[in-house]
Amino acid sequence: STSPDYPLDRFASIDNTCRWAYDFVPTEQLPGMCALDPTPTPVPLGSIAGTVWRDVDGDGARDPGEPGLAGETVRLRSGGCGDSVVGTDTTASDGSYSFSDLMAGNYCVSATGPILLVNTTSNPRSLTLGAGEHKTGVDFGFTPEEIR
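Residues numbered from 1 in each chain as written. Predicted model: local features only at pLDDT ≥ 70, side-chain atom pairs only at ≥ 80, totals over all residues. Heavy atoms only, no water.

1. Considering the overall build of the protein
1) Next: Of the regular secondary structure elements, the protein holds one helix and nine strands.
2) Next: When the 148 residues of the protein are sorted by exposure, 29% land in the buried category.
3) Next: In the protein, the proportion of contacts linking residues at least 24 apart, taken out of those at least 6 apart, comes to 54%.
4) Next: Carbon and sulfur atoms make up 52% of the accessible area of the protein, which amounts to about 9000 Å² in all. (Helix = DSSP H or I, 4+ residues; strand = E, 2+ residues; numbered from the N terminus. Buried < 20%, exposed > 50% of the residue type's maximum accessible area, 1.4 Å probe, protein only. Contact = heavy atoms within 4.5 Å. Areas by Shrake-Rupley, 256 points an atom, 1.4 Å probe, with all protein chains shown as cover.)

This is the structure:
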């Protein structure tokens, strides 16, 4: 690489396309070589979390004593609610779920409740996640149909 006939030097004189270095680590910028990348800035990742619960009185708000629903499926879509599923989670014994390590962007979260229960909250739910943002309280209530 110290020779004046080194290929990068020769190509640089006739072609302005940059080339990456292989089999050696450059310590300085060489003619014809692509610019050395600065140390990348880490992109902060975010999360979405919430609870699926039994809305005993059917009012769409979680009141004290209304239990979480365990074993329910929560789906995450990237983009709009019609886009493909990028993640699923099963609610814990307290009805909680979470999705982590998410890039900033638009997401759609939906929950599947038990058979014979209907939604009392918006489902699915669209939201925008900022870089490093942690959204909580993306909750879903379900009640027996006769209460609604």
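2. A few points about the sheet that holds strand 5 (residues 105–112)
1) Next: Overall, antiparallel pairing links the four strands, which are arranged 3-2-5-7 in an open sheet. Sheet topology places strand 3 (85–90) and strand 7 (125–129) at the edges, where each strand pairs with a single neighbour. Averaged over all neighbouring strand pairs, the angle between strand axes comes to 25°, with direction disregarded.
2) Next: The pairing of strand 5 with strand 7 spans five bridges and is antiparallel. (Pairing = 2+ DSSP bridges. Axes fitted to C-alpha atoms, helices over the stretch in contact; angles between N-to-C directions.)

3. Some points on the pairing of strand 3
1) Next: Looking at chain direction, strand 2 (residues 73–78) and strand 3 are connected through five bridges and run antiparallel. Bridge pairing in strand 3 places Thr 73 opposite Thr 90.
2) Next: Hairpin geometry of strand 2 and strand 3 is characterised by an intervening segment of six residues between the two adjacent antiparallel strands and by a positive phi of about 95° at Gly 79.

4. Looking at the pattern of salt bridges
1) Next: Under the defined criterion, the tally for this structure stands at one salt bridge.
2) Next: Across the salt bridge formed by Glu 133 and Lys 135, the nearest N and O atoms sit 3.7 Å from each other.
3) Next: When its relative accessible area of 31% is taken as the criterion, Glu 133 is described as partly exposed.
4) Next: Exposure remark for Lys 135: the relative accessible area of 24% places this residue in the partly exposed category. (Salt bridge = Lys/Arg side-chain N within 4 Å of Asp/Glu carboxyl O.)

5. A short note on the side chain of Thr 143
1) Next: Relative to the assigned elements, Thr 143 resides in strand 9 (residues 140–144).
2) Next: At 2.8 Å, the side chain of Thr 143 forms a polar contact with the backbone oxygen of Asp 55. (Polar contact = N/O pair within 3.5 Å; in protein donor to acceptor, adjacent residues only side chain to side chain.)

6. Describing the side chain of Thr 51
1) Next: With respect to the helices and strands, the residue Thr 51 is situated in strand 1 (residues 46–54).
2) Next: Since its relative accessible area comes to 15%, Thr 51 is described here as buried.
3) Next: Setting aside residues up to four positions removed in sequence, Thr 51 forms contacts with Arg 62, Asp 94, Gly 95, Ser 96, Tyr 97, Val 138, Asp 139 and Phe 140.

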